[in-house]
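Chain by chain, the residues run as shown.
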Amino acid sequence: MFWYRHLYVGKKAKRHRASIIRSIREKKYRPGVYVITPPSNGNNILDIYPGYMLLLGQFRETEFSILGIALGYQEALGLAGTIVNDMYRLTGGFCLDEFLAERG
């Protein structure tokens, strides 16, 4: 798994940032944690997954990027909205690859 250089972190998750990242890296279940990733298909702008999904086979075998972390689904939705808003302001569109390239 790859961590986005400018990782987005929700307000509630900010207090527990280090322990959330550590639990994800160590593949340990942490209730209430959600991750925001690039889309797994061409129909979405972003994907939001509960943290326990990272323990399943498909995620263990696949390389993917984590763009944001949140505590709770509502925070994850807000954080995804922030990412999309930043993407539109920076690129004038909804192309995630262009956005990530612009931000470095």
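What this report covers is the structure whose coordinates are included nearby. (Residues numbered from 1 in each chain as written. Predicted model: local features only at pLDDT ≥ 70, side-chain atom pairs only at ≥ 80, totals over all residues. Heavy atoms only, no water.)

1. Some thoughts on the nonpolar core
If you look at the biggest cluster of nonpolar residues, it comprises 16 residues, and the most contacted ones within it are Ile20, Ile24, Val35, Leu54, Ile66 and Ile69. Those elements that place two or more of their residues in this core are β1 (2-9), α2 (17-25), β2 (33-37) and β4 (65-71). The contact partners of isoleucine 24, leaving out residues within four places of it in the chain, are Met1, Trp3, Val33, Val35, Leu54, Ile66 and Ile69. (Core = buried A, V, L, I, M, F, W, Y, C linked by side-chain atoms within 4.5 Å. Buried < 20%, exposed > 50% of the residue type's maximum accessible area, 1.4 Å probe, protein only. Helix = DSSP H or I, 4+ residues; strand = E, 2+ residues; numbered from the N terminus. Contact = heavy atoms within 4.5 Å.)

2. Let's talk about a positive patch on the surface
Together, Lys11, Lys14, Arg17 and Arg25 line one region of the surface with positive charge. Of all the elements in the fold, those that place two or more residues in the positive patch are α1 (11-14) and α2. Of note, lysine 14 is situated in helix α1. Residue lysine 14 is classed as exposed on the basis of its relative accessible area of 56%. (Patch = residues over 30% accessible without salt bridge, like charges linked within 9 Å, V, L, I, M, F, W, Y side chains within 5 Å. Areas by Shrake-Rupley, 256 points an atom, 1.4 Å probe, with all protein chains shown as cover. Salt bridge = Lys/Arg side-chain N within 4 Å of Asp/Glu carboxyl O. Lys, Arg positive; Asp, Glu negative; His and termini not counted. Charge placed at Lys NZ, Arg CZ, Asp CG, Glu CD.)

3. Describing the pattern of salt bridges
Pairing between side chains of opposite charge can happen when their charged atoms approach one another. Per the stated rule, a full pass over the model turns up 2 salt bridges. A salt bridge links glutamate 26 to lysine 28; the nearest nitrogen and oxygen atoms lie 3.2 Å apart. Relative accessible area serves as the criterion here: at 43%, glutamate 26 is assigned to the partly exposed category. A salt bridge links aspartate 86 to arginine 89; its shortest N-O distance comes to 2.9 Å. In this pair, aspartate 86 and arginine 89 are both assigned in helix α4 (residues 73-91), 3 residues apart and thus about one turn of the helix distant. On the basis of relative accessibility, which here comes to 18%, the residue aspartate 86 falls in the buried class. For arginine 89, a relative accessible area of 61% corresponds to the exposed category.

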